[in-house]
Amino acid sequence: MKQQLVLVGNGMAGMKVIEELLALAPERYDITVFGAEPHGNYNRILLSPVLAGEKQPDEILINPIDWYAERGIQLHCGKAVTVVDRDARIVRTDCGIVQPYDQLILATGSLPFVLPIPGRDLAGVVCYRDLHDVEQMLSASRQFRNAVVIGGGLLGLEAAYGLQKQGMAVTVVHLLPTLMDRQLDATAATLLQQTLEARGIKFKMAVQTSALLGTERVTAVQFADGSSIPADLVVMAAGVRPNIALAQRSGLGCERGVLVSDTLQSSDARIYAVGECVQHRGQCYGLVAPLYEQARVCAAQLAGNSEAFYQGSMTSTKLKVTGVELFSAGEFQGGDGCDSIVYQDAGAAVYKKVVLRGDKLVGAVLYGDTVDGGWYFQLMKAQTSVAALRDSLLFGPVSEAEGGGQQAVLDWPDDKPVCDCNGVCKGKIVETIRGKNLQTLDAVRAHTKASASCGACTPMVEQLLAAAVGDNYSAPALPAMCSCTTLSHDAVRSAIREQKLLSLSQIFQTLAWRHADGCDKCRPALNFYLLAAWPGEAQDDSQARFVNERMHANIQKDGSYSVVPRMWGGVTNSHELRSIADVVDKFQIPTVKITGGQRVDLLGVKKSDLPGVWADLAKAGFVSGHAYGKALRTVKTCVGSEWCRFGTQDSTAMGIQLEKLTWGAWTPHKFKMAVSGCPRNCAEATIKDFGVIAIESGWELHVGGNGGIKLRGTDVLCRVETMAEVEEYCLAFMQLYRDEGRYLERTAPYLERVGLAYVQQRVVHDAAGRQLLAQRFRDSQQHFQKDPWAELASPASRERFIPIVDLS
Ligand SMILES: Cc1cc2nc3c(=O)[nH]c(=O)nc-3n(C[C@H](O)[C@H](O)[C@H](O)COP(=O)(O)OP(=O)(O)OC[C@H]3O[C@@H](n4cnc5c(N)ncnc54)[C@H](O)[C@@H]3O)c2cc1C
Ligand code: SF4
């Protein structure tokens with residue numbers, strides 16, 4: 001009969017034991033798993049990307065519920081074990097389940113440390129440990145503005161980054177004068193703080209939090225000096241404590257953690273313990289790599305290998321804040337008996353320090369350029385003598401072997417560990433890259449799991465990828481615009497700006513176009529790039545435009561056109577409706593339809609009637625709705641506070657104002673906006689290129705939504721308080737998109753290409769840059785905010801126009 005193995009704690013360390021054990025001795029045990037959380041096992045490391053909106057909760061599952069069933073594992077989710085009866089060899093849960101065991105594993109993890117201060121039980125005070133905490137933070141970020149994170153360590157900074165990405169105004173308060181004091185020296189910590197400050201996160205350093213204020217919900221954080229700051233959400237990220245309550249109640253030896261030997265057995269030989277709840281040789285660990293090392297030894301022991309021993313781990317740290325490169329490991333502070341070698345490039349915000357004791361590398365801290373972090377870490381772990389490398393140590397492994405960096409990484413032994421989180425060695429990575437002909441980091445992650453957890457080994461995996469693929473490896477080049485040139489869209493745009501090219505013919509000549517007049521792919525794109533770069537100076541070539549833009553109406557399948565007059569913010573009146581009705585009658589327009597963007601579409605207009613229709617509509621005060629253009633289309637609004645019981649702001653006025661500012665603007669692709677008067681979001685602002693939603697404290701701004709073929713919800717850009725700010729941010733975003741979006745690239749793929757953090761940096765955090773962008777937008781509107789209908793319907797132009805209509 002099989003032995004009964006029970007795991008208490010369905011987290012990262014405990015489940016790693018089970019996975020390893022199934023690989024070693026799949027038939028040896030009947031396995032039962034108890035987990036206090038109501039989900040399958042998930043990658044806790046990736047909570048930060050979930051909070052930052054970079055991953056969805058289901059993307060961080062390691063083992064879904066089916067996985068357990070398929071392997072015959074009995075899983076009790078959402079059931080906490082409250083009793084371990086060691087005499088009877090049973091465990092009991094809070095809901096009365098009783099389960100016997102022959103061998104038991106405790107892997108109960110840690111509990112967040114809650115500061116013992118008044119107000120800690122108020123609504124809006126959360127810890128940062130599990131999916132439930134992330135859900136609470138995300139929900140608060142949708143309703144409130146001010147977040148305060150207590151603790152400037154790894155978790156606190158990741159929480160701050162995530163909440164800021166969700167649009168909150170975030171302040172980090174920290175007891176000590178420098179951030180991440182357990183992982184960084186003062187120089188690296190200062191650089192980190194400067195980077196985060198530049199992104200808009202505020203810091204209050206060297207302060208002691210004395211109370212959280214509020215009656216039901218927290219409203220402020222108070223400090224020992226009597227000062228306070230407003231807070232609608234407080235995240236306590238002040239450290240963790242091993243969760244040893246169950247072990248203590250069961251009479252197991254505990255100090256800070258559950259005491260375990262090198263075989264991971266507790267003071268009761270039938271009870272193993274792994275993970276953050278454990279204390280081994282005086283050490284408790286709070287990172288995954290050492291816990292996975294424990295798990296492998298524990299599994300080997302349970303599989304019958306009594307020779308497997310755990311002898312402690314060395315750890316390294318990486319911060320998962322997009323765009324912040326930081327690595328630290330070992331004795332990074334240096335000190336007595338140590339030598340430090342330091343490199344600093346203040347301009348490039350790069351700082352590197354390696355610490356040596358004798359001829360061994362014992363610590364490193366890197367900021368800004370962490371590509372060699374993995375290499376240093378391996379040298380430390382292997383206790384390699386670096387005497388011969390001392391002079392070149394700061395320049396990384398490229399100088400390690402004569403064949404240069406690529407040969408050097410290929411010369412690593414196959415069993416050299418690369419990804420500590422997932423226990424993947426160099427040999428396995430190279431074999432998989434070659435065997436499966438992998439070309440990208442994502443593919444290597446998907447096939448090997450290497451670099452798929454904390455990311456500390458990513459530079460090493462990239463080096464292996466480049467080395468294994470060899471000469472054929474190159475960062476994918478941007479494709480040429482079209483067959484007329486070898487230049488990409490971006491290269492052509494740069495040339496237009498740098499060489500001040502003002503017309504299509506200048507581009508064709510200067511950039512040696514293969515076809516003298518370009519083609520129907522490049523001509524419209526080039527025309528847009530010229531106008532975007534040099535508004536008022538570049539020549540608009542109407543013949544370079546697609547038929548709809550040339551005709552200022554949409555061509556339909558029977559060759560007739562449809563005409564959409566602009567109705568600001570979707571608002572109209574009896575005069576306008578009567579005028580439209582008269583036009584419909586006069587030109588016998590067969591269909592009148594309301595569009596999804598709240599405008600009236602007149603369908604079935606004959607080509608020859610277009611100038612007459614425009615003239616009559618212009619007489620009634622209409623301008624073109626640009627329903628045909630790669631331009632601002634509509635600003636959809638709800639009825640907002642003017643009429644709606646729920647509305648907190650006048651969304652209609654806001655929409656009208658935005659439309660009046662932006663109509664006529666050419667953009668890389670069509671551009672749609674919406675404004676909702678409250679978070680019920682009846683105007684569907686979360687699928688628009690730029691969406692605005694009224695909230696209690698002002699307006700929440702959204703970008704990059706698309707309701708088209710590929711549905712994409714917006715990302716929250718930020719929150720602002722006033723209508724003037726909404727305008728400025730909107731114009732700045734449109735200008736940025738106009739500057740950098742490739743022709744026919746909508747804001748959704750643009751945003752995914754450049755990243756939300758980049759757009760936030762340009763539009764939110766860099767106030768001067770934002771004002772400049774907005775001003776450039778306003779300036780260019782002087783040239784573009786002209787109604788094409790009015791121009792073309794004038795008697796003089798009409799004569800010129802009609803033959804063109806007839807010929808097309
Ligand atoms: C936001 C965040 C970011 C992190 N980032 C990184 C990182 O970048 N790199 C890194 O290496 N590490 C990181 N960590 C730390 C890492 O996630 C932990 O070290 C690791 O998850 C600990 O594994 P564990 O199995 O010991 O504990 P856990 O994964 O916490 O699992 C313990 C489980 O036991 C359950 N449990 C507790 N008591 C009972 C009971 N009585 N009955 C049943 N179930 C019980 C708990 O509910 C929990 O699910 C991060 C942690 C957090 C919270
Ligand atoms: S979004 Fe809010 S304010 Fe606007 S109509 Fe809907 S419920 Fe009313």
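Cut-offs used in this document
Along each chain, residues carry numbers from 1 onward, in the same order as the chain's sequence is written. Chain letters start at A and ligand numbers start at 1, both assigned in the order the entries are written. For this predicted model, a pLDDT threshold of at least 70 governs which residues receive local features, and a threshold of 80 or more governs which side-chain atom pairs are given and counted, while totals over whole chains, interfaces and linings are taken from all residues. Side-chain measures here rest on the full set of heavy atoms in the structure, leaving out hydrogens and waters. Each helix is a run of H or I in the DSSP string that is no shorter than four residues. Each strand is a run of E no shorter than two, and both are numbered from the N terminus. Partly exposed residues are those whose accessible area sits between 20% and 50% of the maximum for their type, while under 20% is buried and over 50% is exposed, using a 1.4 Å probe and protein chains only. Contact criterion: two residues are considered in contact whenever any of their non-hydrogen atoms come within 4.5 Å of each other. The near set for a molecule or strand comprises every residue that places at least one heavy atom within 4 Å of it. The classification used treats Ala, Val, Leu, Ile, Met, Phe, Trp, Tyr, Cys and Pro as nonpolar, Asp, Glu, Lys and Arg as charged, and all other residues, Gly among them, as polar. Two strands form a pair only when DSSP identifies at least two bridges running between them. Interaxial angle, 0 to 180 degrees, is taken between N-to-C directions of lines fitted to C-alpha atoms, where a helix line uses only the stretch in contact. Among buried residues, those of type Ala, Val, Leu, Ile, Met, Phe, Trp, Tyr and Cys that are joined through side-chain atoms within 4.5 Å constitute a nonpolar core. Any angle that is under 35 degrees is reported as roughly parallel, and any over 145 degrees as roughly antiparallel; angles of 65 to 115 degrees are reported as roughly perpendicular and all others as oblique. A pair is scored as a salt bridge if a Lys or Arg side-chain nitrogen falls within 4 Å of a carboxyl oxygen belonging to Asp or Glu. Polar contacts here mean pairs of N or O atoms no more than 3.5 Å apart (in protein, one a potential hydrogen donor and the other a potential acceptor; neighbouring residues in sequence count only if both atoms are side-chain atoms). Note that accessible areas follow from Shrake-Rupley with a 1.4 Å probe, and for residues the cover is restricted to the protein chains shown. Centres within 6.5 Å are what make two rings of Phe, Tyr or Trp a pair, Trp counting through its six-membered ring; a difference in plane orientation under 30 degrees is then read as stacked, over 60 as edge-to-face, and the rest as tilted. Two conditions define a charge located above a ring, namely a distance within 6 Å from the ring centre to NZ of Lys or CZ of Arg, and an angle within 35 degrees of the ring normal.

The helix and strand inventory of the protein stands at 27 helices and 38 strands. The C-alpha extent of the protein, read off along each of the three principal axes, is 100 × 65 × 60 Å. Per-residue burial for the protein yields a buried fraction of 55% across its 808 residues. Partitioning the intrachain contacts of the protein with sequence separation of at least 6 by distance along the chain shows that 63% fall at a separation of at least 24.

Another point: the site of ligand 2. Taken together, Cys638, Gly640, Cys644, Phe646, Gly647, Ser676, Gly677, Cys678, Arg680, Asn681 and Cys682 make up all the residues around ligand 2. When its residues are assigned to classes, the shell around ligand 2 shows 5 nonpolar, 5 polar and 1 charged.

What follows concerns the sheet that holds strand E7 (residues 90-93). One open sheet holds the 3 strands; their spatial order is E6-E7-E8, and the pairing between them is antiparallel. Of all strands in the sheet, those bounded by a partner on one side alone are strand E6 (81-85) and strand E8 (98-100). Along the sheet, successive strands turn relative to each other by an average axial angle of 20°, direction set aside. Sheet topology places E6 next to E7; 4 bridges connect them, and they run antiparallel. Counted as the bridge partner of Val81 is Thr93 from E7.

Attention now moves to the nonpolar core. Ranked by size, the top nonpolar core spans 90 residues in total, and within it Leu163, Leu192, Tyr376 and Leu393 carry the most contacts. Setting aside residues no more than four positions away along its own chain, Tyr376 makes contact with Val354, Leu361, Ala364, Leu366, Leu393, Leu394, Phe395 and Gly396. Of all hydrophobic cores here, the second largest spans 51 residues; its members include Val81, Leu106, Leu302 and Ala308.

Running from amino to carboxyl end, helix H23 (residues 747-754) crosses helix H24 (residues 756-765) at an angle of 95°, the nearest separation of the two axes being 6 Å. Viewed along their axes, H23 and H24 adopt a mutual orientation that is roughly perpendicular. Note on element contacts: H24 touches H23 through Leu756, Tyr758 and Val759, opposite Tyr750, Leu751 and Val754.

Considering all chains together, one arrives at 33 salt bridges under this definition. The closest approach of N and O atoms between Asp689 and Arg746, which form a salt bridge, is 2.6 Å. With a gap of 57 residues between them, Asp689 in the loop between strand E35 (671-676) and strand E36 (690-695) and Arg746 in the loop between helix H22 (723-740) and H23 connect regions that are remote in the sequence. The same class applies to Asp689 as to Arg746, namely buried. As a salt-bridge pair, Glu740 and Arg762 come within 3.2 Å of each other at their nearest N and O atoms. Of the two residues, Glu740 is situated in helix H22 and Arg762 in helix H24; the sequence distance between them amounts to 22 residues. For Arg762, a relative accessible area of 26% puts it in the partly exposed group.

This part covers the site of ligand 1. As a structural note, the neighbourhood of ligand 1 is formed by 33 residues, with Glu37, Arg129, Glu276, Val288 and Lys320 the closest of them. In this structure, an oxygen atom belonging to ligand 1 sits 2.9 Å away from a side-chain N or O atom of Arg44. For ligand 1, an oxygen atom lies 2.4 Å from a polar atom in the side chain of Glu276. For ligand 1, the protein covers 94% of the area, taking 990 Å² as the surface of the free molecule. At the level of elements, helix H1 (12-24), strand E2 (29-35), helix H2 (47-51), helix H5 (154-165) and helix H8 (288-302) are the ones that each hand at least two residues to the shell around ligand 1. Counting residues per element, the shell around ligand 1 draws most heavily on H1, at 3 residues. Of the residues assigned to the shell around ligand 1, the class counts are 16 nonpolar, 10 polar and 7 charged.

Our next topic: the packing of aromatic side chains. Tallied over the entire structure, the rule returns 13 aromatic pairs. Consider the rings of Phe327 and Phe377, whose centres lie 6.5 Å apart with planes at 75°: the pair is edge-to-face. Here Phe327 is found in strand E24 (residues 326-330), whereas its partner Phe377 is found in helix H9 (residues 373-381), with 50 residues between them in sequence. Accessibility classification places Phe327 together with Phe377 in one group, the buried group. Through successive ring pairs, a cluster of aromatic residues spans Phe671, Phe690, Phe733, Tyr737 and Tyr750. If you follow Arg241 out to its NZ or CZ, it ends over the ring of Phe113, 4.2 Å from the centre. The lysine or arginine in question, Arg545, covers the ring of Trp666, its NZ or CZ lying 4.0 Å from the ring centre.

A few words now on the sheet that holds strand E33 (residues 600-605). Overall, antiparallel pairing links the 4 strands, which are arranged E30-E31-E33-E32 in an open sheet. Either end of the sheet is taken by a strand with one partner, and the two such strands are strand E30 (554-555) and strand E32 (591-594). Judged from the 2 bridges that link them, E30 and strand E31 (residues 561-563) form a sheet pairing that is antiparallel. Across the sheet, Asn554 pairs through a bridge with Ser562, a residue of E31. Across the sheet, helix H19 (residues 610-619) touches E31 and E33, and the angle it forms with E31 is around 5°.

Further remarks concern the environment of Glu696. Counting through the fold element by element, Glu696 comes out in the loop between E36 and strand E37 (698-703). Overall, the relative accessible area of 69% leaves Glu696 in the exposed class.

A few words now on the side chain of His702. Its place among the elements puts His702 in strand E37. Owing to a relative accessible area of 5%, His702 belongs among the buried residues under this scheme. In this structure the side chain of His702 is engaged in a polar contact, spanning 2.9 Å, whose partner is the side chain of Glu700. Reaching out from His702, the side chain makes a polar contact with the side chain of Thr714 at a distance of 2.8 Å. Look past the residues within four positions of His702 in its chain and what remains in contact with it is Ala685, Thr686, Asp689, Phe690, Gly691, Ile693, Thr714, Asp715, Val716 and Leu717.

Keep in mind these values describe shape, not function.
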